[in-house]
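# Residue-level structure breakdown
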Amino acid sequence: MIPDWLAAHAEGRPHRLAIQTARRSWTYVQLFEEATGFAATLRRLGIQPQEPVALLIRRGDLFALWVHALIQARAVLLPLNLRLHPEELQFQLADSQARFLLYDEASAELAQSLKVPGALLRVDSLEDSQEHLCREAIDLEEPQALLYTSGTTGRPKGVWISYRNHFFSALGSAAQLGLDPEERWLVPLPLFHVGGLGVLMRSLIYGTTAVIHERFEAEAVDHALEAEKITLVSLVPTMLYRLLELRQGPYPPSLRAILLGGSGAPRELLERAHKLGVPVCLSYGMTETNAQFATLPPSESLRKLGSSGLPLPGNQIRILTPQGFTRTPYTEGEIAVKGPTVTRGYHARPEANAQAFREGWFLTGDLGFLDEEGYLFVLERRTDLIISGGENIYPSEVEGVLLRHPLVEDAAVVAAPDPEWGQIPVAHVVLRKPEVSPEELQAFCRNHLAGYKVPKRFVIATSLPRNAAGKLLRRALRS
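Small disclaimer: the values here were computed from a predicted structure and weren't measured.

Right, let's talk about helix α1 (residues 5-12) for a bit. An α-helical turn contains 3.6 residues, so any two residues separated by three or four positions project in the same direction. Along α1, the residues classified as buried are Trp5, Leu6, His9 and Ala10. Seen along its axis, α1 keeps its buried residues to an arc of 130°; they face one direction. Facing away from the buried side of α1 by over 90 degrees, the exposed positions are Glu11 and Gly12. Against β1 (2-3), α2 (28-44), α3 (60-72), β8 (137-138), α6 (163-177) and α7 (194-206) lie the buried residues of α1.

This paragraph deals with the side chain of Ser307. The residue Ser307 is located in the loop between β16 (291-295) and β17 (310-311) in this model. Beyond its immediate sequence surroundings of up to four residues, Ser307 is in contact with Leu282, Leu296, Tyr375, Leu376 and Phe377.

This paragraph deals with the pairing of strand β13 (residues 232-235). Judged by which residues are buried, β13 turns out to be covered on both faces: Leu232 and Ser234 on one side and Val233 and Leu235 on the other are all buried. In this structure, strand β11 (residues 184-187) lies alongside β13, joined through two bridges in parallel fashion. Opposite Trp185, over in β13, you have Leu232 as the bridge partner. As paired strands, β13 and strand β14 (residues 257-260) are joined by four bridges and run parallel to one another. Looking at β14, one finds that Val233 is bridged to Ile258. On the question of chirality, the crossover connecting β13 to the parallel β14 by way of helix α9 (residues 237-244) is right-handed.

Bringing the sheet that holds strand β3 (residues 25-27) into the picture now. Taken together, nine strands build an open sheet; the order of strands is β3-β2-β12-β11-β13-β14-β15-β16-β17 and the sheet is mixed. Pairing within the sheet leaves two strands with one partner each, and these edge strands are β3 and β17. As defined by bridge partners, β11 adjoins strand β12 (residues 209-212) across four bridges and the pair is classed as parallel. Across the sheet, residue Leu186 finds its bridge partner in β12, namely Val211.

Residues other than glycine seldom take positive phi values, yet Gln50 does so here, at roughly 65°. When you line up the elements, Gln50 lands in the loop between α2 and β4 (52-56). By relative accessible area, which is 39% here, Gln50 ends up partly exposed. We note that Glu359 has phi near 55°; this positive angle belongs to a residue other than glycine. With respect to the element layout, Glu359 can be found in the loop between β21 (357-358) and β22 (361-370). For Glu359, a relative accessible area of 63% translates into the label exposed.

Before going further, it helps to spend a moment on the sheet that holds strand β26 (residues 408-418). The mixed open sheet is built from three strands, whose spatial order is β26-β27-β28. The open sheet has two edge strands, β26 and β28 (457-461), and neither has a second partner. Between one strand and the next, the sheet's axes are offset by a mean angle of 25°, whatever the strand orientation. The sheet contact formed by strand β27 (residues 422-431) and β28 spans five bridges and is parallel. Looking at the pairing, Ala427 lines up with Phe458 of β28. Here helix α12 (residues 395-402) sits on the sheet and contacts β26, β27 and β28; the angle it forms with β26, its principal contact strand, is near 145°. In the packing of helix α13 (residues 438-446) onto the sheet, contacts are made with β26, β27 and β28, and the angle to β28 comes to roughly 120°.

The rules we used
- The residue numbers shown here count from 1 along each chain, following its written sequence.
- The predicted nature of this model means local features are confined to residues of pLDDT at least 70 and side-chain atom pairs, given and counted, to a pLDDT of 80 or more, with totals for whole chains, interfaces and linings taken over all residues.
- Based on all heavy atoms of the structure, the side-chain values leave hydrogens and waters out of the count.
- Relative accessible area decides the class of each residue, using a 1.4 Å probe on protein chains only: under 20% of the type maximum gives buried, over 50% gives exposed, and in between gives partly exposed.
- Only DSSP runs of H or I covering at least 4 residues are called helices, and only runs of E covering at least 2 are called strands; the numbering of each starts at the N terminus.
- The arc in question is formed by the directions pointing from the helix axis toward the C-beta atoms.
- Between two residues, a contact is recorded if the distance between any of their heavy atoms is within 4.5 Å.
- Following DSSP output, two strands are said to pair if at least two bridges run between them.
- Seen with its strands pointing away from the viewer, a crossover is right-handed if its path from the first strand over the helix to the second goes clockwise.
- Inter-axis angles, ranging from 0 to 180 degrees, are taken between N-to-C directions of lines fitted to C-alpha atoms, where helices are fitted over the stretch in contact.

Scope: geometric values only; no functional claims are made or implied.
Written out as structure tokens, the structure is:
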């Protein structure tokens, strides 16, 4: 057990800015007062400690406030992706057995299309309680969040994220990147993603400022980096690509680093950033590692261009080959990770846990190697995974929807390179009747999938390449 972070900062640095948004900001003492008041409201409504509570909130200020209220109420955060289709969201609600869904006015239409056994609660109409519910300490083994990530079976899996995961992620990140006492970490990533949530939690643990943009707008982020003394910012390659289109030179020295995650960054993008003096740190991580697992410090960015860096202190990386786990330099294989930032496992998925963990190591499914100094180089992010603008797309999920169309006989989805999004999904389909148009298939997909998962192109084929065992040969399609 350790002292509650929010209570400690409200007492020790009450007037330090905790959260800044375009709509409003909170000092630590103000955040403590509101979060503990709303925590009491949650308890009065029947929400119990360690039960999952769904958040479907578009406004960044409200999302951040209610994350803290849930922490004080000792409830488990279930952040819902606003870009998902109602069918996808309903599955997550049922799988997690969440009884309550909190939403705001901006997400009301989507929220009211969903069903929960308890209640739909609109947060911008709930009244702050006159009472206050404050947790006295943090049990590091308690779950803080249940984050859903797509799976190769086409069904998302809930990943348990504990306070221990957040605590050691914050310590490791500070050890790797340093910590400015006046840190102002900008997050234009969605807060329902592990990357956005991670910035909120690290800032809370440090007692520093999280600067939240509700959406990524290149001009707004560029202005903030130039004029608002931002020290760190988390981006995905698509965002950096758009930022660099606006830049003619370096940012002020107050910007210590741009953390780049979410997908493999093209070498040309990294080289362009270095020419402009933009301090980019490539990082490696996933939901199961609570985002940032390894990071390349700015001081090494040129010497190790293309590397995802060293594991955060306390974390370990091995390469799994048919002969076993190894650290032998330049040996290619599956990246395996171990450390205090790694999830304890998937919710209600014993088979998935048995496949994902071996001898205490989590098998990422990604391919890579370590060099002679232990720096990680990622060769391929989960062979079949498509990462488009920082969003994960599993082909099997999209294929499952396409095969529900009565005139689709076979389907395969693969990635195609794209200069702006990194990758886009392309569907290869075999039709029972030729009169089905790509536009019709695209519209069908939109009725069942989030927009970013809908294939951007369709290739009509007479058959799909498969081996003698019937396994789809995606590599042949990609080439």
